[in-house]
Amino acid sequence: GALAISIGEAQIYGGVMRGSFGVTRDGDDAKVKAALQFTDVDLEACFGDLANLRRLSGRGNIAVNLEADGSSAYGLAQSLDGRASLTAQNGALSGFNVEQFLRRLERRPLSGSGDLRSGRTPYDKLNVVVRLNDGIATTEEMKLEGPTVRLSLAGASSIPAREFDLKGVAGLVPPAGASSSFELPFVIQGPWDEPLILPDSESL
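What comes next is a walk through the structure. (Residues numbered from 1 in each chain as written. Predicted model: local features only at pLDDT ≥ 70, side-chain atom pairs only at ≥ 80, totals over all residues. Heavy atoms only, no water.)

1. Structural notes on empty space enclosed by the protein
The test is simple: The way it works is a 1 Å grid over only the protein atoms, where trapped points that fit a 1.4 Å probe form a cavity and open points with protein on both sides within 12 Å along at least five of seven lines form a pocket, and then any residue with an atom within 4 Å of a point lines it. Grid points are joined across faces, edges and corners, and a volume is the space filled by probe spheres set on the points. Each residue gets one label: Ala, Val, Leu, Ile, Met, Phe, Trp, Tyr, Cys and Pro are nonpolar, Asp, Glu, Lys and Arg are charged, and the others, such as Gly, are polar.
All chains considered together, the criterion is met by 2 cavities of 30 Å³ or more. As for the second largest cavity, its lining consists of Asn 97, Val 98, Glu 99, Thr 121, Pro 122, Thr 148 and Val 149. Looking at the lining of the second largest cavity, its residues break down into 3 nonpolar, 3 polar and 1 charged.

Structure follows, in structure tokens:
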């Protein structure tokens with residue numbers, strides 16, 4: 001009727017994992033609790049296996065504290081509560097090239113009606129904090145700092161539906177001595193596997 005696993009230390013994804021995982025039965029439902037910490041792991045391999053997401057590369061630390069109950073995987077996703085955080089360095093977001101897009105718009109502001117889904121965006125640092133409530137992940141912090149661009153995001157993502165509804169601001173890193181640089185608000189909407197990433201039309 002119950003399964004409890006405590007992990008003192010495990011070698012995984014090129015790094016280390018510690019934590020606990022438990023499942024108990026409550027009638028037809030399962031109650032699941034997880035408190036896991038991944039240290040210095042390969043993010044592409046880790047997120048690829050755990051969430052079928054392969055858009056993030058680099059190495060980093062992940063901490064999750066989650067609770068859920070339901071009679072199916074979908075039911076568990078609908079009831080998911082908790083918190084998750086990520087700190088990463090020296091990697092890239094694949095699927096879009098923010099610098100290329102911003103420089104094109106800086107030169108020709110009215111050319112921004114196209115989709116952003118191509119290329120990759122390297123980063124030096126990436127920080128993400130997400131709060132989960134009833135299967136909805138609300139972004140409390142998401143900041144990316146790269147050699148040429150900076151990016152921040154806010155909004156929500158549905159875990160059961162695997163869909164984004166996010167807004168953000170992307171900007172070019174100003175040259176030495178400059179106080180400001182070109183910035184652009186944008187939106188990310190649609191399924192996790194093929195999200196639609198477009199500039200905020202009003203900002204154009």
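2. Some thoughts on the pairing of strand E2 (residues 15-26)
The line we're drawing: Strand pairing requires that DSSP identify at least two bridges connecting the strands. Runs of H or I in DSSP of at least four residues are treated as helices and runs of E of at least two as strands, each being numbered from the N terminus.
With 9 bridges joining them, strand E1 (residues 2-12) and E2 adopt antiparallel strand pairing. Residue pairing in the sheet places Ala 4 in a bridge with Gly 22 of E2. Here E1 hands over to E2 after 2 residues, with Tyr 13 in that stretch at a positive phi of 50 degrees. Where E2 lies against strand E3 (residues 29-42), 11 bridges are found, and the strand directions are antiparallel.

3. So, the environment of Tyr 13
To keep it simple, the criterion reads: The contact criterion used is simple: two residues touch if any of their non-hydrogen atoms lie within 4.5 Å. By the criterion applied in these results, polar contacts are pairs of N or O atoms within 3.5 Å in which, for protein atoms, one can donate a hydrogen and the other can accept it, and in which residues neighboring in sequence qualify only through two side-chain atoms.
Checked against the element boundaries, Tyr 13 lands in the loop between E1 and E2. Taking the C-alpha atoms as reference, Tyr 13 lies 33 Å from Leu 198; in sequence the two are 185 residues apart. Excluding anything up to four places from it in sequence, Tyr 13 contacts Val 41, Asp 42, Ala 45, Cys 46, Asp 49, Leu 50 and Arg 59. Separated by 3.2 Å, the side chains of Tyr 13 and Asp 49 make a polar contact.

4. A closer look at the layout of surface pockets
By volume, the second largest pocket is sized at about 160 Å³. Together, 12 residues line the second largest pocket, and Arg 150, Gly 171, Leu 172, Ser 181 and Glu 183 are the ones closest to its centre. When residues of the lining of the second largest pocket are traced back to their parent elements, those giving at least two are strand E8 (149-158) and strand E9 (163-172). In terms of residues, the lining of the second largest pocket owes the most to one element, E9, which gives 4 residues.

5. Some thoughts on unusual backbone geometry
Phi is positive for Asn 52, close to 55 degrees, though the residue is something other than glycine. Within the secondary structure layout, Asn 52 lies in the loop between helix H1 (43-51) and strand E4 (56-70). Positive phi is not limited to glycine here, since Arg 162 has a value of about 55 degrees. Take Arg 162: it is sitting in the loop between E8 and E9.

6. Description of helix H3 (residues 98-107)
Where we set the bar: Under the scheme applied here, a residue whose accessible area is under 20% of the maximum for its type counts as buried, over 50% as exposed, and between as partly exposed, the area being computed with a 1.4 Å probe on protein chains only. Taken from the helix axis, the directions to the C-beta atoms give the arc we talk about.
Turning to H3, its buried residues number three or more, namely Val 98, Phe 101, Leu 102 and Leu 105. What you see down the axis of H3 is that its buried residues fit within an arc of 95 degrees, all on one side. Facing away from the buried side of H3 by more than 90 degrees, the exposed set consists of Gln 100 and Arg 107. At the N-terminal boundary of H3, the capping side chain belongs to Asn 97, with an oxygen 3.3 Å from the backbone nitrogen of Glu 99.

7. Looking at the pairing of strand E5 (residues 81-94)
Every regular strand shows the same layout, with side chains that alternate between the two sheet faces. Here 11 bridges tie E4 to E5, and the two strands are oriented antiparallel to one another. Its bridge partner lying in E5, Glu 67 is registered against Asp 81.

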